[in-house]
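Residue-level structure breakdown
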Amino acid sequence: MWGGRFADGPSAVMREINASIPFDKRLWRQDLAGSKAHARMLKAQGIIAADDADAILAGLDAIERDYAAGGLVEDMALEDIHMHVEARLAEIVGPAAGRLHTARSRNDQVATDFRLWVRDSIDAIDEGLRAFQQALLARADDHAATIMPGFTHLQVAQPVTLGHHLMAYYEMAKRDRSRFADARARMNECPLGAAALAGTSFPLDREATAKALGFDRPTANSLDSVSDRDFALEFLSAAAMTGLHLSRLAEEIIIWASQPYGFVSLPDAFSTGSSIMPQKRNPDAAELVRGHSGRLLGAFQALAVTMKGLPLAYSKDMQDDKEPAFQAYDTLALCLAAMTGMVSTLSFNADRMRAAAAGGFSTATDLADWLVRVAGVPFREAHHITGRAVKAAEAAGTGLAELPIASLRAIDARIDARVYDVLSVEASVASRTSHGGTAPDGVRARIAAARDELERGR
């Protein structure tokens, strides 16, 4: 393609470093869609003859059938997906193929293709997140009243329900979906027609091509259209955040599956064994999700570093924009499928969780709250009294609920037998009725509202 300007062809090394077809062939569907929209607009505007446009469109349809059936044959000399399509089109329709690139540059072409791909990927990830949310809802509903320890600093803090714990990840996934949706809304503008960087002198109908490709509008500045990749960075940022959330749940599954905890039993489908220890059931799927979150962070950083020093408009550095995005999408889609499968099939040991929730004096806050609510004690004083009660129970080798009333009254005479109504883990979780709290009735109400959200597409 450079024959008019260069007498010699590129060196083998230049050809290899310059070619992007090994990875950007993934954009063939988007490239064909953009080319079809562009050809139809050129025809409608009278920029190219109707016969040429019809031949081009028929040729693009033929290429689409060929690629869908058997893929494309890579030719490093053709550099990228755009030139592969153009060369194949020339083989099919002859010289008329050269008219397709009228009023278009590879700069606005790739920006359009990449936006279309990112938009399609956001839609696919959204479906994966929705399935993950549905799995969380189903298990949370099963365990809305199943008691487990709530932790801070990985120390038993207060009793909560397993349903409430799982719903925390539902809320994280909800925000993840909103971040992808926000990114999609911002990026849904069409660069096609910006040409190399300055626009074009041809009478384009950019509104028509934008509408044909499902964009809300054409981009407003030709320089910005071809030179920024913030839409890809937003996609990668949202992917990295989602990966962090999945990694946190994966970490908890790994901990819960360990023998000292024994809160869950992993299904065979998401476990592996040991090459030497036949008894092992390793949480490898969860560990890989935890590990893969680093790849998602790395993808964002890689593209951010590429873009941070580039002057306007296009630089070849930007050829490196696609691989991080492709890899991030593949990684995140796989992690979502794995986590959805694990959540759906984990077996929870309710007795083990309930026993752990009763340890660590987890109802101490309930005693302090009782002193405030019933005895009228200021909270800071109630906190001190409760600390003395915990110390007494620790010395006696019992839980707070097992301390005799005489021992409690010896600490503070305002305590009476009614206090035992709040010292069980069941009473503790049932009392947490504030909005967003762990009380089973509240958890069930939130699950019902969340199901309604998903049905309404939120």
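Quick summary incoming for the structure in this document.

The rules we used
- Residues numbered from 1 in each chain as written.
- Predicted model: local features only at pLDDT ≥ 70, side-chain atom pairs only at ≥ 80, totals over all residues.
- Heavy atoms only, no water.
- 1 Å grid on protein atoms, 1.4 Å probe; cavity = no way out; pocket = protein on both sides within 12 Å on 5 of 7 lines; lining within 4 Å.
- Points joined across faces, edges and corners; volume = space filled by probe spheres on them.
- Helix = DSSP H or I, 4+ residues; strand = E, 2+ residues; numbered from the N terminus.
- Nonpolar A, V, L, I, M, F, W, Y, C, P; charged D, E, K, R; others polar.
- Core = buried A, V, L, I, M, F, W, Y, C linked by side-chain atoms within 4.5 Å.
- Buried < 20%, exposed > 50% of the residue type's maximum accessible area, 1.4 Å probe, protein only.
- Contact = heavy atoms within 4.5 Å.
- Pairing = 2+ DSSP bridges.
- Salt bridge = Lys/Arg side-chain N within 4 Å of Asp/Glu carboxyl O.
- Axes fitted to C-alpha atoms, helices over the stretch in contact; angles between N-to-C directions.
- Parallel < 35°, antiparallel > 145°, perpendicular 65-115°, else oblique.
- Phe/Tyr/Trp six-rings, centres within 6.5 Å; stacked < 30°, edge-to-face > 60°.
- Lys NZ or Arg CZ within 6 Å of the ring centre and 35° of its normal.

There is about 700 Å³ of room inside the largest pocket. If you go around the largest pocket, you meet 31 residues; those closest to its centre are His164, His165, Met167, Ala168 and Gly436. Broken down by secondary-structure element, the contributors of at least two residues to the lining of the largest pocket are β1 (147-152), β2 (155-161), α7 (162-187), α10 (230-257) and α18 (440-455). It is α7 that provides the largest number of residues to the lining of the largest pocket, a total of 7 residues. Of the residues contributing to the lining of the largest pocket, the split by class is 12 nonpolar, 12 polar and 7 charged.

Right, let's talk about the nonpolar core for a bit. Counting 92 residues, the largest nonpolar core has Phe132, Phe180 and Met339 as the members making the most contacts within it. It is α10 that provides the largest number of residues to this core, a total of 16 residues. Beyond its immediate chain neighbours, meaning those up to four positions away, Met339 contacts Phe132, Leu246, Leu249, Ala250, Ile253 and Val289. Of all hydrophobic cores here, the second largest spans 19 residues; its members include Val390, Leu400, Ile411 and Ile415.

This part is about the pairing of β1. Side chains on a regular strand alternate between the two faces of the sheet. Taken together, the 6 bridges between β1 and β2 define a ladder with antiparallel strand orientation. Across the sheet, residue Thr152 finds its bridge partner in β2, namely Gln155. Hairpin connection of β1 to β2: 2 residues between the antiparallel strands, including His153 at a positive phi of 55 degrees.

Our next topic: the pattern of salt bridges. As enumerated under the stated definition, the model contains 31 salt bridges in all. Residue Asp123 pairs with Arg184 through a salt bridge whose shortest N-O separation is 2.8 Å. A residue pair is termed long-range when its members are at least 10 positions apart, and Asp123 in helix α6 (residues 106-142) and Arg184 in helix α7 qualify at 61 residues. On the accessibility criterion, Asp123 (33% relative accessible area) is partly exposed.

A word on the packing of α7 against α10. Contact geometry for α7 and α10: axes closest at 8 Å, N-to-C directions at 170 degrees. Between α7 and α10, the interaxial angle falls into the category roughly antiparallel. Facing Leu162, His165, Tyr169, Met172, Asp176, Arg179, Phe180, Ala183, Arg186 and Met187 of α7, the residues of α10 in contact are Phe231, Glu234, Phe235, Ala238, Ala239, Met241, Thr242, His245, Arg248, Leu249, Glu252 and Trp256.

Below, the discussion takes up the side chain of Thr386. As for its placement among the helices and strands, Thr386 is situated in helix α15 (residues 379-396). By relative accessible area, Thr386 is classed as buried at 5%. With near-sequence residues (within four places) excluded, Thr386 lies in contact with Ala364, Leu367, Ala368 and Leu371.

Within the structure shown, the criterion is met by 10 aromatic pairs. With 4.8 Å between their ring centres and 70 degrees between their planes, Trp117 and Phe326 make a pair best called edge-to-face. With Trp117 in helix α6 and Phe326 in helix α12 (residues 322-345), this pair connects stretches of sequence that are 209 residues apart. Note on accessibility: Trp117 and Phe326 belong to one class, buried. On the numbers, 6.4 Å between centres and 45 degrees between planes, the contact of Trp256 with Phe263 is tilted. For Phe263, a relative accessible area of 2% gives the class buried. Taken together, the aromatic side chains of Phe114, Trp117, Phe180, Phe231, Phe235, Phe326 and Tyr329 make up a single cluster linked through ring pairs. The ring of Phe215 carries Arg119 above its face, with NZ or CZ at 4.8 Å from the centroid. Geometry around Phe114 places Lys322 over its ring, the cationic atom sitting 5.8 Å from the centre.

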